[in-house]
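A closer look at the structure
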Amino acid sequence: MQIRKEREEDYPQIYEMIKNAFKTAEHSDGNEQDLVEKLRKSSAYINDLTLVCVENEEIVGFIMFTKNRIGETEGLSLAPLAVAPKYQHRRLGTLLVKQGLKVAKELSYEYVVVLGDNKYYNRFGFIPAKELDIKSPFDVPSKNFMVLNLSGNKKKLHALVEYPKEFFE
Ligand SMILES: CC(C)(COP(=O)(O)OP(=O)(O)OC[C@H]1O[C@@H](n2cnc3c(N)ncnc32)[C@H](O)[C@@H]1OP(=O)(O)O)[C@@H](O)C(=O)NCCC(=O)NCCS
């Protein structure tokens with residue numbers, strides 16, 4: 001099993017894998033694979049932070065972090081994260097998140113926001129974004145909108161996250 005940056009030749013496999021993974025997801029609009037394709041073409045895209053998990057030459061996991069703005073700061077949004085159904089519950093999702101956060105820190109990003117299952121993301125240190133007074137432009141339950149400060153800073157930001165327009169299309 002290998003985690004590496006996505007490459008152009010992976011795009012079709014990534015598309016199908018994300019589509020399949022979200023079919024069984026509790027919260028999904030069914031368009032996550034299309035969002036990835038749009039974000040790739042946007043200025044929010046970071047190839048170093050778009051990772052795949054490969055097993056026997058098959059793409060079995062994917063994670064993407066794209067640029068956002070949180071007040072004065074350039075931050076990251078983690079979305080989406082997907083593991084192929086057959087490969088779930090084998091810690092591949094955990095490995096992808098940990099590797100992504102490591103690279104994000106190396107690239108000097110400080111804030112990462114995510115909309116997702118609070119129990120899943122708690123384990124990586126994500127806390128409800130409202131604790132740092134960071135708001136989402138989406139109407140979502142506050143416990144599911146989370147933030148991680150990679151430097152451990154607990155300073156309140158008093159800001160609304162600005163996502164790239166692709167998230168609203
Ligand atoms: C969420 C997802 C990426 C997790 O990947 P994974 O490789 O199975 O996760 P891990 O093996 O690292 O962690 C598994 C643990 O996380 C928890 N977990 C897994 N999926 C979960 C989910 N959808 N919600 C809440 N907790 C979950 C469980 O506690 C699980 O523990 P267990 O294996 O002992 O039951 C994967 O289930 C997936 O692709 N789901 C569909 C797409 C999706 O919902 N993505 C999340 C977008 S925020």
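These remarks concern the structure in this document. The residue numbering used here restarts from 1 in each chain and proceeds along that chain's sequence as written. In keeping with the predicted nature of the model, local features appear solely for residues at pLDDT of at least 70, side-chain atom pairs appear and are counted solely at 80 or more, and the whole-chain, interface and lining totals rest on all residues. Side-chain measures were taken over the full set of non-hydrogen atoms in the model, leaving aside hydrogen atoms and water.

**Observations concerning the pattern of salt bridges**
The working definition used for a salt bridge is a side-chain nitrogen of Lys or Arg within 4 Å of a carboxyl oxygen of Asp or Glu. A complete count under the given rule lists 10 salt bridges for this structure. For Glu-106, the salt bridge goes to Lys-102, with nearest N and O atoms at 3.6 Å. On the criterion of helical spacing, the pair formed by Glu-106 and Lys-102 is a turn pair, its members being 4 residues apart in helix H3 (residues 92-106). Three exposure classes are used, based on accessible area relative to the maximum for each residue type with a 1.4 Å probe and protein chains only: buried under 20%, partly exposed in between, and exposed over 50%. Classification of Glu-106 as exposed rests on a relative accessible area of 54%. For helices the rule is a DSSP run of H or I covering at least 4 residues; for strands it is a run of E covering at least 2, with both sets numbered from the N terminus onward.

**Description of the packing of helix H1 (residues 11-23) against helix H2 (residues 32-40)**
Two elements in contact, H1 and H2, have axes separated by 8 Å at closest approach and are oriented at 145°. In this structure, H1 uses Tyr-11, Ile-14, Tyr-15, Ile-18, Lys-19 and Phe-22 to contact H2, whose residues at the interface are Glu-32, Gln-33, Asp-34, Val-36, Glu-37 and Arg-40. Taken together, the residues that form the contact of H1 with H2 break down as 6 nonpolar, 1 polar and 5 charged. Orientation is described by axes fitted as lines to C-alpha atoms, over the contacting stretch for helices, and by angles from 0 to 180 degrees between their N-to-C directions. In this description, contact between two residues means that some pair of their heavy atoms is separated by no more than 4.5 Å. Gly is put with the polar residues, along with every residue not named as nonpolar or charged; the nonpolar set is Ala, Val, Leu, Ile, Met, Phe, Trp, Tyr, Cys and Pro, and the charged set is Asp, Glu, Lys and Arg.

**Points about the pairing of strand E4 (residues 73-83)**
Burial analysis of E4 places 9 of its 11 residues in the buried class, which makes it a mostly covered element. Each pair of strands is called paired provided DSSP finds at least two bridges between the two strands. Both strand E3 (residues 58-70) and E4 contribute to a ladder of 9 bridges, which runs antiparallel. Considered in E4, the bridge of Lys-67 is made with Leu-76. Turn length for the E3-E4 hairpin, with the two strands adjacent in sequence and antiparallel, is 2 residues, and the turn residue Gly-71 shows positive phi of about 60°. In this sheet, strand E5 (residues 111-115) lies alongside E4 in parallel orientation, the contact comprising 3 bridges. When the bridges of E5 are listed, Ser-77 appears paired with Val-113. Look down the strands so they point away from you; if the path from the first strand over the helix to the second goes clockwise, the crossover is right-handed. The parallel pair E4 and E5, bridged by H3, forms a crossover whose chirality is right-handed.

**Brief notes about the side chain of Glu-6**
Note on placement: Glu-6 falls in the loop between strand E1 (2-5) and H1. Residue classification places Glu-6 among the buried positions, given a relative accessible area of 3%. A polar contact is formed between the side chain of Glu-6 and the side chain of Arg-40, at a distance of 2.8 Å. By the criterion applied in these results, polar contacts are pairs of N or O atoms within 3.5 Å in which, for protein atoms, one can donate a hydrogen and the other can accept it, and in which residues neighboring in sequence qualify only through two side-chain atoms. A polar contact of 2.6 Å, which involves the side chain of Glu-6, links it to the side chain of Tyr-45. Beyond its immediate chain neighbours, meaning those up to four positions away, Glu-6 contacts Tyr-11, Ile-14, Arg-40, Tyr-45, Asn-47, Thr-50, Leu-51, Val-52 and Phe-62.

**Focus on the packing of aromatic side chains**
Each aromatic pair joins two rings of Phe, Tyr and Trp (for Trp, the six-membered one) with centres within 6.5 Å, and gets the label stacked for planes under 30 degrees apart, edge-to-face for over 60, and tilted for any other angle. Tallied over the full model, the rule gives 7 aromatic pairs. Ring geometry for Tyr-120 and Tyr-121: centres 5.3 Å apart, planes at 85°, overall edge-to-face. When its relative accessible area of 23% is taken as the criterion, Tyr-120 is described as partly exposed. Take Tyr-121: its relative accessible area is 8%, and that puts it in the buried class. Following the ring pairs from residue to residue traces out a cluster consisting of Tyr-120, Tyr-121, Phe-124 and Phe-126.

**Re the nonpolar core**
Take the buried Ala, Val, Leu, Ile, Met, Phe, Trp, Tyr and Cys residues and link them wherever side-chain atoms come within 4.5 Å; each set so joined is a nonpolar core. Ranked by size, the top nonpolar core spans 58 residues in total, and within it Leu-78, Leu-101, Tyr-121, Phe-126 and Ile-134 carry the most contacts. Counting residues per element, this core draws most heavily on E3, at 7 residues. If near-sequence neighbours (up to four positions away) are discounted, Leu-101 is found in contact with Phe-65, Val-112, Phe-124, Phe-126, Leu-148 and Leu-150.

**Section: the layout of surface pockets**
Each pocket or cavity is described by its volume, and for the largest pocket that value is around 1600 Å³. Together, 46 residues line the largest pocket, and Phe-22, His-27, Leu-81, Leu-115 and Gly-116 are the ones closest to its centre. Elements represented by at least two residues in the lining of the largest pocket include exactly H1, H2, E4, H3, E5 and helix H4 (118-122). At 7 residues, the largest contribution of residues to the lining of the largest pocket is made by E4. The residue makeup of the lining of the largest pocket, split by class, is 21 nonpolar, 12 polar and 13 charged. Only protein atoms enter the 1 Å grid used here. Points where a 1.4 Å probe fits but cannot escape make up a cavity, open sets with protein on both sides within 12 Å along at least five of seven lines make up a pocket, and a residue lines them when an atom lies within 4 Å of a point. Grid points are joined across faces, edges and corners, and a volume is the space filled by probe spheres set on the points.

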